[in-house]
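Residue-level structural notes
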Amino acid sequence: MQAIQWYQKASALGCNYAKQEANKLLVQKQKRENIAKWNREGDLAMTTNSYEVAIGYYQKAAEQGDVYAIEALKNAKEQFAIKQRKDNITKWNEEGDYALASNDYQSAVKLYLQSAELGDADALYKLGQCYMEGKGVEANDSIACAYYEQAGELGHAEAKATLVKYLNGEEIKKYRH
C-alpha cells in the first residue's frame, strides 16, 4: 500500500514511470480484492448448498489463477453433482411410487430402474417387489432376489429380510395373481 502512495506522489510530480507502476499496483490490488470477494461469496454459497452460485464465484477467481478457488471450484462441482444425483433419485422414486399407486406398473419399473442405475437401495428393493409380484414385468423370482440382494448390500433392511424369508421358503408371493 505504501508503494502505491509513493508512486502516486512521484506521478503527481510528473514521473511517467511512477504513474505506470502505481497503476499496475492498483490493478493488482483490485484483482486481489476481487479474488478474495469471489472466494468469500463462493464459501458463503457453499454453506447454504447453493452449489451453482458457488461455482460461478469460484470460476471467476479460478480464471485469475487463484489456487484456493481452483480447489474450491472442483469441490463445488463434485457437491453439485452429488446433489443432482440425489434430487434425480428422489424425483424418480416419487414418480415411480405415484405410478405404482396408479397401477401404471410399467412406468413405475422404468422410473425405479433409473434410480437403481444410480445405486439407490430403495429403488432396487421396489424393483425386487415388482419382479416378485409381476407388476409391470413378468414375475421372476431370480431377478427379484438379485434386486433384493443388491438393495441389501446397500444396507436396505427390508430387502435383506425379504430375501431371507424367500430363501427360507416362506410365502412372500402373496401379491401374485
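What comes next is a walk through the structure.

Definitions and limits used
Residues numbered from 1 in each chain as written. Predicted model: local features only at pLDDT ≥ 70, side-chain atom pairs only at ≥ 80, totals over all residues. Heavy atoms only, no water. Helix = DSSP H or I, 4+ residues; strand = E, 2+ residues; numbered from the N terminus. Buried < 20%, exposed > 50% of the residue type's maximum accessible area, 1.4 Å probe, protein only. Core = buried A, V, L, I, M, F, W, Y, C linked by side-chain atoms within 4.5 Å. Contact = heavy atoms within 4.5 Å. Salt bridge = Lys/Arg side-chain N within 4 Å of Asp/Glu carboxyl O. Phe/Tyr/Trp six-rings, centres within 6.5 Å; stacked < 30°, edge-to-face > 60°. Expected span 1.5 Å × (residues − 1).

**Some words on the environment of Ala146**
- Of note, Ala146 is situated in helix α7 (residues 141–153).
- The exposure class assigned to Ala146 is partly exposed, which follows from its relative accessible area of 32%.

**A few points about the nonpolar core**
- Ranked by internal contacts, the top residues of the largest apolar core, which has 20 residues, are Tyr112, Leu127 and Tyr148.
- Sorting the residues of this core by element identifies α5 (105–117), α6 (121–133), α7 and α8 (157–167) as the ones contributing at least two each.
- Per element, the largest residue contribution to this core is seven residues, and it comes from α6.
- Residues within four places of Leu127 in sequence aside, it is in contact with Val109, Tyr112, Leu113, Ala116 and Tyr147.

**Some words on the pattern of salt bridges**
- The full count for this structure, using the stated rule, is five salt bridges.
- Across the salt bridge formed by Lys126 and Asp97, the nearest N and O atoms sit 2.8 Å from each other. Placement of the pair is Lys126 in helix α6 and Asp97 in helix α4 (residues 67–101), with a sequence separation of 29 residues.

**Overview of the packing of aromatic side chains**
- Enumeration according to the criterion identifies three aromatic pairs in this entry.
- With centroids separated by 5.6 Å and ring planes inclined at 40 degrees, the aromatic side chains of Tyr125 and Tyr148 adopt a geometry described as tilted. Placement of the pair is Tyr125 in helix α6 and Tyr148 in helix α7, with a sequence separation of 23 residues. Tyr148 matches Tyr125 in its accessibility class, with the two residues each being buried.
- With a centroid separation of 5.7 Å and an interplanar angle of 35 degrees, the aromatic rings of Tyr131 and Tyr147 are classed as tilted. Residue Tyr131 is located in helix α6, and its partner Tyr147 is located in helix α7; the two are separated by 16 residues in the primary sequence.

**Brief notes about unusual backbone geometry**
- In this structure, Asn49 takes a positive phi of about 60 degrees despite not being glycine.
- With a relative accessible area of 43%, Asn49 lands in the partly exposed category.
- Positive phi outside glycine occurs at Asn103, with the angle close to 60 degrees.
- Along the chain, the position of Asn103 falls in the loop between α4 and α5.
- Using a relative accessible area of 54% as the deciding quantity, one classes Asn103 as exposed.

**Details of α4**
- The first and last C-alpha atoms of α4 sit 51 Å apart over 35 residues, in line with the 51 Å expected at 1.5 Å per residue.
- What α4 keeps buried is the set Ala69, Ala72, Leu73, Ala76, Phe80, Ile89, Trp92, Asn93, Gly96 and Ala99.
- Positive phi shows up at Asn103, right after α4, with a value of about 60 degrees.

**Examining the environment of Tyr112**
- Take Tyr112: it is sitting in helix α5.
- The sequence separation of Tyr112 and Ala123 amounts to 11 residues, and the corresponding C-alpha distance is 5.0 Å.
- Residues in contact with Tyr112, not counting those within four places in the same chain, are Asn93, Gly96, Asp97, Leu100, Ala123, Lys126, Leu127 and Cys130.

**A few points about the environment of Ala157**
- Positionally, Ala157 belongs in helix α8.
- Between the C-alpha atom of Ala157 and that of Tyr125, which follows or precedes it by 32 residues, the distance is 9.8 Å.

**Section: α5**
- Compared with an ideal rise of 1.5 Å per residue, which puts 13 residues at 18 Å, α5 spans 18 Å between its outermost C-alpha atoms and is within 8% of the ideal.
- What α5 keeps buried is the set Ala108, Val109, Leu111, Tyr112, Ser115 and Ala116.
- Residues of α5 that are buried make contact with α4 and α6.
- Where α5 terminates, the next one or two residues include Gly119, which has phi positive at roughly 85 degrees.

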